[in-house]
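Analysis of the macromolecular model
So you can see what is in the structure, the chains are spelled out below.
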Amino acid sequence: MAFAKAKKKQPLTEQELFDYAVKALSRRMRTVRDLRRLMKTRAEEGEAGERAMDAVVAQLKELKYLSDTRFAADYTRLRKENEKYGRRRVQQDLAQKGVQKELIAATLTKAYEDVDEVALAREYIARKRMKKPSGENVPKETARAMGRLMRAGFSAGAIYKVLREWDVELEEVEEPTMEEEI
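What you are looking at is a predicted structure, and each value in this text was computed from that prediction instead of being measured.

Within the protein chain one finds 10 helices and 0 strands. Starting at the N terminus, the α and β elements of the protein chain follow one another as α-α-α-α-α-α-α-α-α-α. Across the 182 residues in the protein chain, those meeting the buried criterion constitute 36%. Taken as a whole, the protein chain presents about 12,500 Å² of accessible surface, with 49% of it coming from carbon and sulfur.

Below you can see the structure in the form of structure tokens.
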């Protein structure tokens, strides 16, 4: 059985593209890069499509519907307060979403300036219901906990402090100095 060819959708006009972008923004906050990626599938190919997308993005920015600065601030706040993610995880996520490096740095500095990373790591552990390593496989469970905390964006120093609070022996592992964390 052969598959039917996908019908190519008719390219949208600039006004239709604007309406499409507003609907996409009403469903979820997006970066400029993300919105352009969505519109590219519906816009004309070539120079005319690029001009239409540029006009739509400019109009959305003028109406304050689209702002990478606001996206970065809201995204960072939600990930920090709700998900309890560390600074590095949020930094990676924002970079993956297409936010500029300078904007990421400024946003993270402002959001994480008064955050105790060890306390945030404890909150993450409580949120994920991680248990203290015990039994026969303490080294394996400790490594698993370290991996989860690293993926959540916490520094090695904060992870070691949390694990020491659990009275877990950290054999053959040295605590990193401040220079190594940066």
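From this point on, the discussion continues.
Moving on, we come to unusual backbone geometry. For residues that are not glycine, phi is negative in most cases, and the peptide bond is trans in most cases. Phi at Lys64 takes a positive value of approximately 65°, unusual for a residue other than glycine. For Lys64, the position within the fold is in the loop between helix H3 (47-62) and helix H4 (68-83). Backbone geometry places Arg129, a non-glycine residue, at a positive phi of 55°. Along the chain, Arg129 turns up in the loop between helix H7 (117-128) and helix H8 (138-151).

Okay, the side chain of Thr76 next. Looking at where Thr76 falls in the secondary structure, it is placed in helix H4. There is a polar contact of 2.7 Å between the side chain of Thr76 and the backbone oxygen of Ala72. Apart from residues lying up to four places away in sequence, Thr76 is in contact with Val90, Leu94, Thr107, Leu108, Ala111 and Tyr112.

Here the focus is the side chain of Thr107. Along the chain, Thr107 turns up in helix H6 (residues 101-112). There is a polar contact of 2.8 Å between the side chain of Thr107 and the backbone oxygen of Leu103. For Thr107, the residues in contact, after removing those within four places along its chain, are Ala72, Ala73 and Thr76.

Quick look at the nonpolar core now. Counting 28 residues, the largest nonpolar core has Leu94, Val99, Tyr124, Leu149 and Phe154 as the members making the most contacts within it. Broken down by secondary-structure element, the contributors of at least two residues to this core are H4, helix H5 (87-96), H6, H7, H8 and helix H9 (156-165). Formed by 17 residues, the second largest nonpolar core is a distinct cluster that contains Leu12, Phe18, Leu38 and Ala52.

With that out of the way, let us pick up the pattern of salt bridges. Per the counting criterion, the structure on display carries 10 salt bridges. For Glu50, the salt bridge is made with Arg36, and the minimal N-O distance between the two is 2.9 Å. Residue Glu50 is located in helix H3, and its partner Arg36 is located in helix H2 (residues 32-40); the two are separated by 14 residues in the primary sequence. Judged by relative accessible area, which is 28%, Glu50 ranks as partly exposed. Among the ionic pairs, Arg122 bridges to Glu165, the shortest N-O distance being 2.6 Å.

Moving on to H4. Under the 1.5 Å per step criterion, the end-to-end length of H4 is 21 Å for 16 residues, consistent within 8% with the ideal 22 Å. The elements touched by buried residues of H4 are H2, H5, H6 and H7. Immediately downstream of H4, the backbone of Lys84 shows phi near 65°, a positive value.

All right, on to H8 then. With 14 residues, H8 ought to run about 20 Å at 1.5 Å a step, and its terminal C-alpha atoms sit 20 Å apart, in line with that. In the core, the buried residues of H8 are packed alongside H7 and H9. In the segment just after H8, Gly153 is the residue with positive phi, at about 95°.

With that out of the way, let us pick up the environment of Asp93. Of note, Asp93 is situated in helix H5. Taking the C-alpha atoms as reference points, Asp93 and Arg79, separated by 14 residues in sequence, lie 9.8 Å from one another.

Thresholds, definitions, all that
Residues numbered from 1 in each chain as written. Predicted model: local features only at pLDDT ≥ 70, side-chain atom pairs only at ≥ 80, totals over all residues. Heavy atoms only, no water. Helix = DSSP H or I, 4+ residues; strand = E, 2+ residues; numbered from the N terminus. Buried < 20%, exposed > 50% of the residue type's maximum accessible area, 1.4 Å probe, protein only. Areas by Shrake-Rupley, 256 points an atom, 1.4 Å probe, with all protein chains shown as cover. Polar contact = N/O pair within 3.5 Å; in protein donor to acceptor, adjacent residues only side chain to side chain. Contact = heavy atoms within 4.5 Å. Core = buried A, V, L, I, M, F, W, Y, C linked by side-chain atoms within 4.5 Å. Salt bridge = Lys/Arg side-chain N within 4 Å of Asp/Glu carboxyl O. Expected span 1.5 Å × (residues − 1).

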